[in-house]
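Chain and residue survey
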Amino acid sequence: MKLVSVDTTLFDKYKNDSEVLTKSKRPYVLVIRLKYKKKNYDFAIPIRSNIPSAAPKDQYFALPPRPTTRPKNRHGLHYIKMFPVTKQYLRRYRTEGNRFAILIQNIIDKNTKSIVDACQAYLDAYAQGQRPQFATDIDYLISQLFSDN
């Protein structure tokens, strides 16, 4: 798994899902080859500074807080905001000289299996109809990702 940026043209395709986080400089974690409804897709998981403290622990992977993380909120990978992505929309996220980004990458590297397992569990539950409030619409996003518009 690696930190990536996502090209804004993908967000144009996803504009009708208000739950997709589209901050242009936001880093995402790329998780490849997750299974959703018997097909494999790559997913981008946003790294968020302010996951509400009320969010269930199975909906995110906690990371050390950023300076922008408000009191009582969490900083981490927010699974309910993940979306499918293809290589054409991925851009390099530069970590050189950014000690915090390097720290985040190291934490992700050490926890790859648990992050992948949690993402897969989330997708399995989602496919069974367990869609949390404020989650992205994965079926819609897949249809948009592979459409010609």
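As the structure is a computational prediction, the values presented were derived from the model and not from experiment. (Residues numbered from 1 in each chain as written. Predicted model: local features only at pLDDT ≥ 70, side-chain atom pairs only at ≥ 80, totals over all residues. Heavy atoms only, no water.)

1. Considering the overall build of the protein chain
When its secondary structure is counted, the protein chain shows four helices and seven strands. Helices and strands in the protein chain line up, N terminus first, as β-α-β-β-β-β-β-β-α-α-α. Computed over its C-alpha atoms, the radius of gyration of the protein chain comes to 15 Å, within 12% of the 15 Å expected for a compact globule of 149 residues. Over its C-alpha atoms, taken along the principal directions, the protein chain stretches across nearly 40 × 30 × 25 Å. When the 149 residues of the protein chain are sorted by exposure, 50% land in the buried category. Excluding contacts between residues fewer than 6 apart, the proportion of contacts in the protein chain whose partners are at least 24 apart in sequence is 66%. (Helix = DSSP H or I, 4+ residues; strand = E, 2+ residues; numbered from the N terminus. Rg over C-alpha atoms; globule rule 2.2 N^0.38 Å. Buried < 20%, exposed > 50% of the residue type's maximum accessible area, 1.4 Å probe, protein only. Contact = heavy atoms within 4.5 Å.)

2. Remarks on helix 3 (residues 112-127)
The end-to-end C-alpha separation of helix 3 is 22 Å, in line with the 22 Å expected for 16 residues at 1.5 Å each. Those residues of helix 3 not exposed but buried are Ile 115, Cys 119, Gln 120, Tyr 122, Leu 123, Ala 125 and Tyr 126. As for helix 3, its buried residues are in contact with strand 2 (28-36), strand 3 (39-51), strand 4 (60-63), strand 5 (74-78), helix 2 (99-110) and helix 4 (138-145). Positioned one or two residues after helix 3, Gly 129 has a phi angle of 100°, which is positive. (Expected span 1.5 Å × (residues − 1).)

3. A word on the nonpolar core
Among the nonpolar cores identified, the biggest contains 28 residues, and Leu 77, Tyr 79 and Tyr 122 are the most heavily contacted of them. For this core, the elements supplying multiple residues, two or more each, are strand 2, strand 3, strand 4, helix 2, helix 3 and helix 4. Within the second largest apolar cluster, 15 residues are counted, among which are Val 4, Phe 11, Tyr 14 and Leu 145. (Core = buried A, V, L, I, M, F, W, Y, C linked by side-chain atoms within 4.5 Å.)

4. Digging into the packing of aromatic side chains
Evaluated as defined, the whole model comprises eight aromatic pairs. Consider the rings of Tyr 28 and Phe 83, whose centres lie 5.4 Å apart with planes at 70°: the pair is edge-to-face. With Tyr 28 in strand 2 and Phe 83 in strand 6 (residues 83-85), this residue pair connects regions lying 55 residues apart in the sequence. Judged by its relative accessible area of 1%, Tyr 28 is buried. Since its relative accessible area comes to 0%, Phe 83 is described here as buried. Seen in terms of ring centroids, Tyr 41 and Phe 146 are 6.1 Å apart; in terms of plane orientation they differ by 45°. Their pairing is tilted. (Phe/Tyr/Trp six-rings, centres within 6.5 Å; stacked < 30°, edge-to-face > 60°.)

5. As for the pairing of strand 2
Side chains on a regular strand alternate between the two faces of the sheet. Direction of pairing for strand 1 (residues 2-6) relative to strand 2: antiparallel, over a ladder of three bridges. In the strand pairing of strand 2, Leu 3 is matched with Val 29. Here strand 2 runs beside strand 3; their pairing, made up of seven bridges, is antiparallel. Paired with Tyr 28 across the two strands is Pro 46, which belongs to strand 3. (Pairing = 2+ DSSP bridges.)

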